[in-house]
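# Coordinate analysis (summary)
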Amino acid sequence: MPESPVRSPSTRVPPVLLAATLALASFLFTSCYILRPGQGGGKIKSEAGRKLDPGDIALPAGYRIEAIATGLTFPTAVTFDDTGALYAVEGGYAYGEEWGVPRLLKVMKNNVFVPIAVGDSNGPWTGVTYVAAKEGGAGKGSFYLTEGGQLRGGRVLRIGMDGNIQALVENLPSLGDHHTNAPVIGPDGMLYFGQGTATNSGVVGTDDYKFGWLARHRTFHDTPCQDITLSGVNYLSKNPFTSGKKKDTVETGAFSPFGSTTIPGQVVKGEVPCNGSIMRISLQGGKPELVAWGLRNPFALAFAPDGRFFALDNGYDQRGSRPIWGAGELLWEIHQGTWYGWPDFSGSKSLAVSEFTPPHGDTPERLLEKAPVPWLPTHASADIVPHPVPSYQDDPPPAPMAVLPVHSSADGLDFSRAPEFGYENQAFVAEFGDMAPGVGKVLEPVGFKISRVDLARGVAEDFAINRKGLGPASKLKAGGLERPVSLRFSPDGKSLYVVDFGVMAVSKHGPKAQKQTGVIWRIWKENGQ
Amino acid sequence: MKTRVRIVLLSCALGSWFFFGCAAGRRSEPLRGSLDVSNPKVAHGQVVFMNQCDKCHPGGDAGLGPSLNNKPLPGFLLGFQARHGMGAMPAFDKEELPQTDLDDVVAYLKALRRNG
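Quick look at the structure, then. Predicted model only: the values in this text are computed from it and were never measured.

What follows is about the state of the cysteines. Considering all chains together, one arrives at 1 disulfide over all chains under this definition. Here A:Cys225 engages in a disulfide with A:Cys274; their sulfurs sit 2.0 Å apart. Linking A:Cys225 and A:Cys274, the disulfide has an S-S dihedral of approximately 95° and is accordingly described as right-handed. Placement of A:Cys225 in the loop between helix 4 (213-216) and strand 15 (228-230) and of A:Cys274 in the loop between strand 18 (267-268) and strand 19 (277-282) is noted, with a sequence separation of 49 residues between them. By relative accessible area, A:Cys225 is classed as buried at 7%. On the basis of relative accessible area, A:Cys274 is assigned to the buried category, the value being 0%. The thiol of B:Cys56 is not disulfide-bonded; the next cysteine sulfur, from B:Cys53, is found 8.7 Å away.

Encoded structure:
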């Protein structure tokens, strides 16, 4: 009796099953964070200039957009004077150690820019606001700018229409990762501004050396605003100062210079000015007063039409000695006297959980043994309500008003006020876009758009996006948005002006910004004016 | 015969790849019009999604994590993945994401997929 033919196992598998297996494998692969390559928006081939086509930008029905100024170098902000004339700030510095000259320019028609004031090599100039002359009094009819202070420390500047520059505050702790930002006048007539942290998450590391500043300012580190007690966790890293010795390592603790360790229970004295904070001064200058801290990089501040005070805070990156994964950008309502959780929380969530643990990495340990004690404002503004600071162990910091996409770099904030524009009282946010891979890996480009946030619901929705896909226009071979860095409604509220920083490529070697590619866009609603 | 089977399998795999990996995931207002959130479950799911999910899947699209809008997973699998995690995605327990909230998130994602 002949033996029955033996069939190979593979031919016994039904084709349908094989197809399903392959489909499942494809699904898993396209979903898998680990396997898929990073696709940051800065992954572009550097080409000179940029294409402009407003038609490449999608907006809600009834809205229009146009480019009203082009060819700017690293623009960061705009403001308006008493007559409604438009002014723009060129930063004079871009990450990647790209240096230029900060300038305040009056924006005329046909791409004509009249310089009002020119700074030196202590950029970037990160923001501007104008106090109307018609309000009278000293300091009125002037521009107020924040100078990032990458070389000599941050400053708040007053610039007259004649171009005269006067420093109201100097030596702010801006020599590190983040700068002095976001000047805004409060309803109390005081000038509020943000001060970013020196580091990503409290520990100076080799990422700061790559930024460039650690080589210049070897002992610089974060300064707390109040006395804090450390947990004594230290982090091992390579020593970039002895690069010839491959195995040379150093340990560094929180709120300490690179290479300095800490011990449990160690108290670090707080002082003002300090990092990760919002401070305020009078329009005449003087010693800054602390408003709130525990922020990471409050790059944009704005008062809502109802008088409430808001800050946009850039979230943690996955870099350095204490990398944090999956931390969103936060929109806070700011209450005077509150600590907002940096460096141990993202919003009201502790970092010491899997949600913030990098894949194959360590769960971030707490740096602070206990919470900073609450403090009472010296003279609380009636418009900025003091908030009871919770105890560290029992309650987390307050929850943010909205959580925006990880690495989107939410940098610009203003509120719609006019029915002619629509979306009244909603927050509009400029998302600069990811700087992957330097900040961590993303599967697709994040940001590069304008969002609006319904504060009542904490819901963020797209408002202006590139029609052809995710990412900056240069990556999409299109003429739309590149890197929106700030925005401001016109004095009548009918138009939204968006400052587009320009083309910035990012590779494993760092960012590379392209000069003369900055644009100012204007968005308005048809039949709204 | 074997050649035909191989072609069919390869086509399935490539089709899946394009379907899961490259299908358009963008569903936001500027491209698709505003989302109808008149259903209370969808409206509540949107709020929960914004608080828990949007930071990695902006508008249901890809970002830090993959797009959800172009994955035709049934609702129970979406819920299963949120509850138990997978790969780099963290698991959300019932304390952090109660079952009713999770159900509403799924309702929101389904509405988002249908948008436009």
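Turning to the nonpolar core, a few remarks are in order. Residue and element names in this part refer to chain A. Among the nonpolar cores identified, the biggest contains 33 residues, and Val156, Ile228, Leu230, Phe255 and Ile281 are the most heavily contacted of them. Going through the elements one at a time, strand 12 (165-172), strand 14 (191-195), strand 15, strand 19 and strand 20 (285-293) are the ones with two or more residues in this core. It is strand 12 that contributes the most residues to this core, 3 residues altogether.

Next up on the list: the pairing of strand 34 (residues 495-500) of chain A. Residues and elements named next belong to chain A. Burial within strand 34 is extensive, with 6 of its 6 residues counted as buried. Because side chains alternate across strand 34, one face comprises the buried residues Ser495, Tyr497 and Val499, and the other comprises Leu496, Val498 and Asp500, equally buried. Here strand 33 (residues 484-489) pairs with strand 34 via 5 bridges, running antiparallel. When the bridges of strand 34 are listed, Leu487 appears paired with Val498.

So, about the sheet that holds strand 29 (residues 410-415) of chain A. Residues and elements named next belong to chain A. Strand order in the open sheet formed by 5 strands is 1-32-31-30-29, with antiparallel pairing between adjacent strands. The open sheet is flanked by strand 1 (57-58) and strand 29, the only strands paired with a single partner. Direction of pairing for strand 31 (residues 449-454) relative to strand 32 (residues 459-466): antiparallel, over a ladder of 5 bridges. Opposite Arg452, over in strand 32, you have Glu461 as the bridge partner.

What counts and what doesn't
- Residues numbered from 1 in each chain as written.
- Chains lettered and ligands numbered in written order.
- Predicted model: local features only at pLDDT ≥ 70, side-chain atom pairs only at ≥ 80, totals over all residues.
- Heavy atoms only, no water.
- Disulfide = S-S within 2.5 Å.
- Helix = DSSP H or I, 4+ residues; strand = E, 2+ residues; numbered from the N terminus.
- Buried < 20%, exposed > 50% of the residue type's maximum accessible area, 1.4 Å probe, protein only.
- Core = buried A, V, L, I, M, F, W, Y, C linked by side-chain atoms within 4.5 Å.
- Pairing = 2+ DSSP bridges.

All quantities given are derived from atomic positions and should not be read as evidence of function.
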